[in-house]
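A closer look at the structure
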Amino acid sequence: MTFNRTRIAPTPSGFLHVGNVRSFLLTREIATATGAKVLLRIDDMDRARAEDKYVQDIFETLSYLGIEYDEGPHDLSEFKACWSQEIRMPLYDAALKALRESGKVFACSCSRADIARVSVDGSYPGTCRYKGLSLDTESVNWRLATDRGAAVTVNRLNDVPINTNLPQDITDFIVRKKDGFPAYQLTSLVDDVHFQVDLIVRGADLWSSTVAQLYLAQVLGYVSFLNTTFHHHPLLTGTDGAKLSKSAGATSIQYLRARGATPAKIRKMAGS
Ligand SMILES: [Zn+2]
């Protein structure tokens, strides 16, 4: 199989860790094997958490480890001038407008605590679905009223497609956050359509996001995205079986480099 384009899409809300590197290396490897170009897309839409030092860390880490990409920014100033998600805000706004006009989004004023009180597994219990709150209310999430019976087809790399219903944890998922900015499921989809990405390599923890984005693509009529091929790779686990994450500071590339870890050593830790 051959593909047009894939992407690595880190979020600049913390220092990169070994788990990120694993995903980057796998993406690069599969791209090379399938003829796909690799786009570096830095997801900086989370305004409260994105920081310049973390954007810098992405460039430094890719360079240190010799992970090559074909498209995207090479330094902070180029990123800010040409590649920040802020630049694509009109595209996200157009998608939100289309959702609003479809009548399929509703305003939700619930806090995390409100949801935790009534939902055993943390999934959204539908509290605000029929409240009729105006979408123009201050500080409300916009949620997509998901259809429980809906199904999507996930095309998988070197494997048969899977038909699946929407997992519970994406019930009525958020498309616009209380701060007024578009949510991850929407920006990621709009970007992948915009950049004509046809291969997505991501960790198995993002399976629900894949289903959410395919469902959203159906609602928005983004037909090209429905043909995207996905590869969900297993996550790295620590020696104690715990999932490696940003909270485990000892796996950040900065930390490892400060203690003398070579690129070869870090690549090995990442399972390459
Ligand atoms: Zn609500």
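Residues numbered from 1 in each chain as written. Predicted model: local features only at pLDDT ≥ 70, side-chain atom pairs only at ≥ 80, totals over all residues. Heavy atoms only, no water.

Looking at the element boundaries, serine 188 is found in helix 6 (residues 184-194). Overall, serine 188 belongs to the buried group, its relative accessible area being 0%. Setting aside residues up to four positions removed in sequence, serine 188 forms contacts with Arg7, Arg41, Arg202 and Gln213. (Helix = DSSP H or I, 4+ residues; strand = E, 2+ residues; numbered from the N terminus. Buried < 20%, exposed > 50% of the residue type's maximum accessible area, 1.4 Å probe, protein only. Contact = heavy atoms within 4.5 Å.)

On to the domain arrangement of the protein chain, then. The domains assigned to the protein chain are domain 1 (1-83 + 236-272) and domain 2 (90-190 + 211-220). Relative placement of domain 1 and domain 2: their C-alpha centres are 27 Å apart. Each partner contributes to the interface: domain 1 provides eight residues, whereas domain 2 provides eight residues. Both faces considered, domain 1 and domain 2 share a buried interface measuring about 630 Å² in area, 66% of it formed by carbon and sulfur atoms. Summed over the three residues of domain 1 that lose the most area to domain 2, namely Arg41, Met45 and Arg47, the buried surface amounts to 58% of that side. (Domains from an automatic or database assignment. Buried area = accessible area lost by both parts, 1.4 Å probe.)

As a further point, take the coordination of the zinc ion. For a metal with four tetrahedral donors the ideal donor-metal-donor angle is 109.5 degrees, whereas six octahedral donors ideally subtend 90 or 180 degrees. Protein coordination at the zinc ion: the donors are Cys108 (SG), Cys110 (SG), Tyr124 (OH) and Cys128 (SG), at 2.2 to 2.3 Å from the metal. Given four donor atoms and angles of 99 to 120 degrees at the metal, the environment of the zinc ion is assigned as tetrahedral. For the zinc ion, all donor residues lie on one chain, and their spacing in sequence is C-x1-C-x13-Y-x3-C. Looking at cysteine 108, the relative accessible area reads 0%, which means it is buried. (Donors = N, O, S within 2.8 Å, 3.2 Å for Na, K, Ca; no water. Tetrahedral: all angles 85-135°; square planar, octahedral: opposite > 155°, others 65-115°.)

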